Amino acid sequence: MSSKIKSRRLNASMLEIICTLGILVVVSVLLLKLFLGANSLETKARDISEACILAESMAETIKGSNSIEEALKTLKVNQIQDNYTTSIYEKYYDTDWKPVKKKSRYRVTLTVEQQTVGEHVMYMIGIVVKSEKSYPIIKKEDGHILADIQVSSYK
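Below is a summary of the structure that appears in this document. (Residues numbered from 1 in each chain as written. Predicted model: local features only at pLDDT ≥ 70, side-chain atom pairs only at ≥ 80, totals over all residues. Heavy atoms only, no water.)

**Quick notes on a nonpolar patch on the surface**
Then comes step 1: Side chains of Ile23, Val27, Leu31, Leu34 and Phe35 sit close together on the surface and give an oily, nonpolar patch of about 510 Å² of accessible area.
Then comes step 2: Locating leucine 31 in the fold gives a position in helix H1 (residues 2-64). (Patch = residues over 30% accessible without salt bridge, like charges linked within 9 Å, V, L, I, M, F, W, Y side chains within 5 Å. Areas by Shrake-Rupley, 256 points an atom, 1.4 Å probe, with all protein chains shown as cover. Salt bridge = Lys/Arg side-chain N within 4 Å of Asp/Glu carboxyl O. Helix = DSSP H or I, 4+ residues; strand = E, 2+ residues; numbered from the N terminus.)

The structure is reproduced here in C-alpha cells:
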C-alpha cells in the first residue's frame, strides 16, 4: 500500500514539473517577442529622429540659399526626373546616416515644383525620407516613410 502512495505522489510531482516547465516556456516565448519588438521600436524611433533632423537640415539649406540651383548643388543630390515644372532628386544614406552614391539603407527624395508668380518663381519642395528595409516585428506602415516635410521658397 505504501509503495502505491509513493508512486502516485511521484507521478503527481512529475506532472507538476511538466506543467510548470510548459508555463515557463510559454511565458519565455512571450517575453522574448516583447523584447524583440521593443528593440525594433527603439531602432525605428532613432531612425525617425535622424530622418527628421536630416529633412529639416535640407529644408533650411534650401530656404537659406540664394537660388534653388545653389541649394541642390550644396545638398549634392542626383536628379532622376526633370519635367517642365517638376524635378525629382534623390540621395542615399547608409546605416550610420552617411551619404553614399549607390542604393542603400535610407533614401531621401526631393520633389521640386515651380510656379511663376509675376517676376518671381515660387518653389514648392517636398522632402521625403524613407527606409529601404523593413523593421522586424513591426507591421509595414506608410511604405517605411520616416519623415515628410513640405517647404516653399520664393526666389
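Past the structure itself, the notes keep going.
**Considerations on the nonpolar core**
Then comes step 1: Within the largest apolar cluster, 27 residues are counted, with the highest numbers of intra-cluster contacts made by Ile62, Trp97, Val108, Leu110, Ile125 and Ile127.
Then comes step 2: Of all the elements in the fold, those that place two or more residues in this core are H1, helix H2 (68-75), strand E2 (86-93), strand E4 (106-117), strand E5 (120-131) and strand E6 (145-154).
Then comes step 3: Among the elements that take part in this core, H1 stands out by supplying six residues, more than any other.
Then comes step 4: Once residues lying within four places of it in the same chain are set aside, the contact partners of valine 108 are Leu54, Met58, Tyr89, Glu90, Lys91, Tyr93, Ile127, Val128 and Val129. (Core = buried A, V, L, I, M, F, W, Y, C linked by side-chain atoms within 4.5 Å. Buried < 20%, exposed > 50% of the residue type's maximum accessible area, 1.4 Å probe, protein only. Contact = heavy atoms within 4.5 Å.)

**Description of unusual backbone geometry**
Then comes step 1: Unusually for a residue other than glycine, lysine 76 sits at a positive phi of about 55 degrees.
Then comes step 2: Tracing the backbone shows lysine 76 in the loop between H2 and strand E1 (78-82).
Then comes step 3: Even without being glycine, tryptophan 97 reaches a positive phi, approximately 65 degrees.
Then comes step 4: Along the chain, tryptophan 97 falls in the loop between E2 and strand E3 (99-100).

**Looking at the side chain of serine 40**
Then comes step 1: Positionally, serine 40 belongs in helix H1.
Then comes step 2: Residues within four places of serine 40 in sequence aside, it is in contact with Tyr135, Pro136, Ile137 and Ile138.

**Regarding the packing of aromatic side chains**
Then comes step 1: According to the stated counting rule, one finds two aromatic pairs in the structure shown.
Then comes step 2: Seen from their ring centres, tyrosine 93 and tryptophan 97 are 6.4 Å apart, and the 40 degrees between their planes marks the pair as tilted. Across this residue pair, the class does not change: tyrosine 93 and tryptophan 97 are buried.
Then comes step 3: Summarising the aromatic geometry, the rings of tryptophan 97 and tyrosine 106 are spaced 3.9 Å apart at their centres and angled 10 degrees between planes, so their arrangement reads as stacked.
Then comes step 4: For tryptophan 97, a relative accessible area of 14% gives the class buried.
Then comes step 5: Given the relative accessible area of 2%, tyrosine 106 is considered buried.
Then comes step 6: Each member of the aromatic cluster is reached from another via a ring pair, and the members are Tyr93, Trp97 and Tyr106. (Phe/Tyr/Trp six-rings, centres within 6.5 Å; stacked < 30°, edge-to-face > 60°.)

**Concerning H2**
Then comes step 1: Three or more residues of H2 are buried, namely Ile68, Ala71, Leu72 and Leu75. Seen from one end, H2 has its buried residues packed into an arc of 95 degrees, which puts them on one side. Facing away from the buried side of H2 by more than 90 degrees, the exposed set consists of Glu69 and Lys73.
Then comes step 2: Within two residues after H2, lysine 76 carries a phi angle of roughly 55 degrees, on the positive side. (Arc of directions from axis to C-beta.)

**Focus on the environment of lysine 33**
Then comes step 1: Relative to the elements of secondary structure, lysine 33 occurs in helix H1.
Then comes step 2: For the pair lysine 33 and isoleucine 137, spaced 104 residues apart in sequence, the C-alpha to C-alpha distance is 8.3 Å.

**Quick word on the pattern of salt bridges**
Then comes step 1: Evaluated as defined, the whole model comprises five salt bridges.
Then comes step 2: Of the charged contacts in the structure, one is a salt bridge between glutamate 42 and arginine 46, with a shortest N-O distance of 2.8 Å. You can see glutamate 42 and its partner arginine 46 sitting in helix H1, four residues apart, about one turn around the helix.
Then comes step 3: Since its relative accessible area comes to 40%, glutamate 42 is described here as partly exposed.
Then comes step 4: For arginine 107, the salt bridge goes to glutamate 132, with nearest N and O atoms at 3.3 Å. Residue arginine 107 is located in strand E4, and its partner glutamate 132 is located in the loop between E5 and E6; the two are separated by 25 residues in the primary sequence.
Then comes step 5: The exposure class assigned to glutamate 132 is partly exposed, which follows from its relative accessible area of 27%.
Then comes step 6: One network of salt bridges, with partners in common, ties together Glu90, Lys103, Arg107 and Glu132.

These results come straight from atomic positions and should not be treated as a statement about function.
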